[in-house]
Amino acid sequence: MKATPSKLHERGVGQLTRRSSLRTYLDIIRASAREDSANARRLVAGVAVSVIRVGLIAAIYKVAYAHSAARTSLPYANALWSIAAYFAFILNLGIRNVFKIVDREVRTGVVEVGVIKPIDWRLYKICELLGKNGLEFLAQLIVLPIALLIFVGAPDMSHLTFLDSAAFVLLTLLAMIVASAMFLTVGLAAFWLQDAQPVYRILDKLTLVFGGAFVPIALLPHATQILVRYSPFGVYAAPTQLFNPQILPSLGPMVLAAVAWSAFLVFLCDRVWQRAMSKIEVNGG
Amino acid sequence: MSSSDKAIVVSKVSKTFEFKTHKGVRGFLYPETTAVRAVDGVSFDVPRGESLAFIGPNGAGKSTTIKMLTGILQPTTGTVQVLGMRPLEQRRELAMKIGTVFGQRSQLIFNLPLTESFRLTASMYRVQRAEAAKRVEKLIGQFDLGEFVTQPVRKLSLGQRMRAEVANALIYNPEIIFLDEPTIGLDIVAKRALREVIKTVNREQGTTVFLTSHDVGDIEEVCTRTMIVNHGQIVLDAQTADLKKNYLRRKAVSVVPIAAWLDRSAPAQWAERAKIADVQPEGKDGRLLFTVDTTKNALNDFLRELLAQIPVADMTIEDTPLEDIIHELYTKDRQ
């Protein structure tokens, strides 16, 4: 028996219970995390590699600190905690890797399946990434502090007030927005470029250099520090500055810079996305 | 028929893609573009509850049309209305009411059990948890997914996965389901099972089915109406029963006679010796290929005569390839 049109009208959105979209995005994170947790060996290996890396860097910095004036600007333990925070936040949580997901889906045309779902495809991809990397990130947050306490001891956090801590929480959120928008935008370049990898590589290297992957920002020359601090790369790495007492006078301006970069990059990402949607035909139409 | 009875209304729709003629520096210096018209002034409507086959050869404009109907692409000219909505402008609202299955693009979570994909789809389409559980249970029974619903998607056979894809698209009870080559790569058993469930969903729930396929079986078994497109234009729009009667009139019968029969003469003479009724076969690789026009010779009579004359070791009977029919229809249309 065929359903009558009136019967059909009763279905669909009207019959469905409205729930918060936030819950849907949390479900995406959860599903993605579950999918990744199937690979427990990778998780354990990832954490082990981070501990070894921090141990090696601790040994190298110990020698460097013994022969340089760096110890006067940033305590040894704080430098190591800062680097570990960088590894966990930038490398393991790896929001920059959203580029790879977007780039792949655009080039293979999978994006067309995503855009006809009743959710924002860009947020979907970011949530997928957070779910995928979230477990390892959480594991790092537990294991790395223990390893650091053993290798270098506790950091000196006497400089931090409650308000500063709140500012860092805000900075962390803004850093995630800036990184997501920046690398999503580069990923969307795949709509126009046959190979967007070179653009990504440039941004990625800038993130590594200006984020403090090789040398903590506090150890860079003063003028460079200022330039880096207020750049989007500096904003992305700002949460790792938690252990740098010198940053406190700049905290307010850094939050403002983060807000400004977030607004600009989200706007830019949205404009690029709108233009990209009109280019979707090139990728499988 | 009032507009509310129509699931899809397409009016004079065209879609032109423009590509840069030259690439790189030359493209920058000489910014010429080449226009390709994928869909050319197409108009049609689909009543609610109908099952429509939208077929055509590669590059005919099928996928482009589906993408315009689902809100992925914007028509260059003309208007599209799906369930009373403009797909591009109301994409997310429309998404809540349509289901999509792309044969070559999975929408399931590869490393997790099917139940997880179902749960996430229900969440995306805001189906209440208790309601989702009921629907999933029903779909598991309907699509016979019970045996493997707890297995990771990566471990499923293609047939199982396609059934799961369709079930996944039905969790939120869409009013239209777009199926883009859902039986591609499936064996005959899996194809039959999938066609059966699509038919059931269309019949029992009144879900409008919009199907593209290269497989004549999908069209014959699932769809009541068939639309053939080529070069972006509708070449034929007919009831499937009429199409079958009028165009699927040729059967290709391939026969392998027993070796002793073949040995009696040279290959060049097989065809002459095997002439049955008015059908002249072609002799090839130890086979005889007959093209039987069923409007002139009843297949039953032909086979009876064939078996009486030739000792047969093996035999297959196939419909005329869809591409041949489309080609014929298109040529006729041009003339």
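Residues numbered from 1 in each chain as written. Chains lettered and ligands numbered in written order. Predicted model: local features only at pLDDT ≥ 70, side-chain atom pairs only at ≥ 80, totals over all residues. Heavy atoms only, no water.

## Side note on the overall build of chain A
Formally: Secondary structure elements are defined from DSSP: runs of H or I of at least 4 residues count as helices, runs of E of at least 2 residues count as strands, and each element is numbered from the N terminus. Each residue is assigned to one of three classes by its accessible area relative to the maximum for its type, calculated with a 1.4 Å probe on protein chains only: buried under 20%, partly exposed between the two thresholds, exposed over 50%. By the convention used here, residues are in contact when the closest approach between their heavy atoms is within 4.5 Å. The accessible surface values rely on the Shrake-Rupley method and a 1.4 Å probe; as for residues, cover is taken only from the protein chains in view.
The helix and strand inventory of chain A stands at 13 helices and zero strands. Shown N-terminal to C-terminal, the secondary structure of chain A runs as helices and strands in the order α-α-α-α-α-α-α-α-α-α-α-α-α. Buried positions account for 53% of the 285 residues belonging to chain A. For chain A, long-range pairs separated by at least 24 residues make up 82% of all intrachain contacts whose partners lie at least 6 apart in sequence. On chain A, roughly 13,000 Å² of surface is accessible, and the fraction owed to carbon and sulfur atoms is 69%.

## Regarding the nonpolar core
What counts here: Note on terminology: a nonpolar core comprises buried Ala, Val, Leu, Ile, Met, Phe, Trp, Tyr and Cys residues joined through side-chain atoms within 4.5 Å.
In terms of nonpolar packing, the biggest core is built from 112 residues, with A:Val115, B:Ile8, B:Phe44, B:Val82 and B:Phe210 touching the most fellow members. Discounting chain neighbours no more than four positions away, the residues touching B:Val82 are B:Ala7, B:Ile8, B:Leu69, B:Pro87, B:Leu94, B:Ile98 and B:Ile176. Core analysis: the second largest hydrophobic core is formed by 58 residues, B:Ile55, B:Ile109, B:Met124 and B:Ile177 among them.

## A short note on the pattern of salt bridges
The condition is simple: Each reported salt bridge corresponds to a side-chain nitrogen of Lys or Arg within 4 Å of a carboxyl oxygen of Asp or Glu.
The full count for this structure, using the stated rule, is 26 salt bridges over all chains. Each of A:Asp120, A:Arg122, A:Asp270 and B:Arg92 takes part in one network of salt bridges that share partners.

## Digging into the side chain of B:Asp180
Residue and element names in this part refer to chain B. Our working rule: As used in this structure description, the phrase polar contact means that two N or O atoms lie within 3.5 Å; if the pair is within protein, one of them must be able to donate a hydrogen and the other to accept it, and residues adjacent in sequence are counted only when both atoms belong to side chains.
Assignment of secondary structure puts Asp 180 in strand E6 (residues 176-180). For Asp 180, the side chain forms a polar contact with the side chain of Thr 212, separated by 2.5 Å. Excluding residues within four positions of it along the chain, Asp 180 makes contact with Ser 63, Ile 66, Val 101, Phe 102, Gly 103 and Thr 212.

## Topic: the sheet that holds strand E2 (residues 33-47) of chain B
The strands that make up a sheet are held in pairs by hydrogen bonds between backbone atoms, and each pair lies either parallel or antiparallel. Residues and elements named next belong to chain B. Under the convention used in this document: Strands are treated as partners if at least two bridges between them are detected by DSSP. Inter-axis angles, ranging from 0 to 180 degrees, are taken between N-to-C directions of lines fitted to C-alpha atoms, where helices are fitted over the stretch in contact.
Strand order in the open sheet formed by three strands is E2-E1-E4, with antiparallel pairing between adjacent strands. Edge strands, defined here as strands with exactly one partner in the open sheet, are E2 and strand E4 (77-82). Strand after strand, the sheet turns through a mean of 25° between neighbouring axes, direction not considered. With five bridges connecting them, strand E1 (residues 6-20) and E4 associate as antiparallel partners. Note on E4: the bridge partner recorded for Ser 11 is Thr 79. Sitting on the sheet, helix H2 (residues 62-70) is in contact with E1, E2 and E4, with an inclination near 120° to E1.

## Regarding the confidence of the model for chain A
Formally: What pLDDT reports is the predictor's confidence in each residue, on a scale of 0 through 100.
On average, residues of chain A score 84 in pLDDT, and 89% of them reach the 70 mark or higher. Residue range residues 1-19 of chain A is modelled with pLDDT below 50. Its contacts to residues more than four positions away, or to other chains, number 40 contacts.

## Brief notes about helix H5 (residues 76-92) of chain A
All names here are of chain A. Applied cut-off: By this rule the span expected of a helix is its residue count minus one, scaled by 1.5 Å.
Along its 17 residues, H5 runs 23 Å from first to last C-alpha, staying within 8% of the 24 Å computed at 1.5 Å per residue. H5 sits mainly inside the fold: 15 of its 17 residues count as buried. Looking one or two places after H5, you find Gly 94, whose phi comes out positive at around 55°.

## Here's the deal with the sheet that holds strand E7 (residues 208-212) of chain B
All names here are of chain B. Taken in spatial order, the six strands of this open sheet run E5-E6-E7-E3-E8-E9, and their pairing is mixed. One side of each edge strand has no neighbouring strand; the edge strands of this open sheet are strand E5 (98-102) and strand E9 (233-239). The mean inter-strand angle of the sheet, taken between neighbouring strand axes irrespective of direction, is 15°. Two strands pair when backbone bridges link them, and strand E3 (residues 51-55) and strand E8 (residues 225-230) are joined in this way by four bridges, in the parallel orientation.

## A look at the packing of aromatic side chains
Residue and element names in this part refer to chain A. Short version of the rule: To pair, rings of Phe, Tyr and Trp, with the six-membered ring standing in for Trp, must have centres within 6.5 Å; the planes then decide the type, stacked if under 30 degrees apart, edge-to-face if over 60, and tilted in the middle. For a ring to carry a charge above it, either NZ of a lysine or CZ of an arginine must fall within 6 Å of the ring centroid while also lying within 35 degrees of the normal to the ring plane.
Counted according to the given criterion, the structure contains 17 aromatic pairs over all chains. Through pairs of rings, three or more aromatic residues link up here, namely Phe 89, Phe 99, Phe 183, Tyr 200 and Tyr 236. If you follow Arg 53 out to its NZ or CZ, it ends over the ring of Phe 87, 4.3 Å from the centre. The ring of Tyr 124 has Lys 125 sitting right over it, with the charged end atom 4.5 Å from the ring centre.

## Considering the pairing of strand E10 (residues 250-257) of chain B
Residues and elements named next belong to chain B. For E10 and strand E12 (residues 287-293), the ladder comprises six bridges, and the chain directions are antiparallel. Its bridge partner being in E12, Lys 251 is matched across the sheet by Val 292. By the bridge criterion, seven bridges tie E10 to strand E13 (residues 312-319) in an arrangement that is antiparallel. Across the sheet, residue Pro 257 finds its bridge partner in E13, namely Val 312.

## Remarks on a nonpolar patch on the surface
Under the convention used in this document: Note that patches include only residues with greater than 30% relative accessible area and no salt bridge, and the join distances are 9 Å for like charges and 5 Å for nonpolar side chains (Val, Leu, Ile, Met, Phe, Trp, Tyr).
Side chains of A:Leu135, A:Leu138, A:Leu141, A:Ile142, A:Val143, A:Ile146, A:Ile150 and A:Phe151 sit close together on the surface and give an oily, nonpolar patch of about 740 Å² of accessible area. Residue position: A:Ile146 is located in helix H8 (residues 121-151).

## Details of the pairing of E9(B)
All names here are of chain B. Here six bridges tie E8 to E9, and the two strands are oriented antiparallel to one another. Looking at the pairing, Met 227 lines up with Asp 237 of E9. Remark: two residues form the turn of the hairpin made by E8 and E9, two consecutive strands paired antiparallel; His 231 in that turn has positive phi of roughly 50°.

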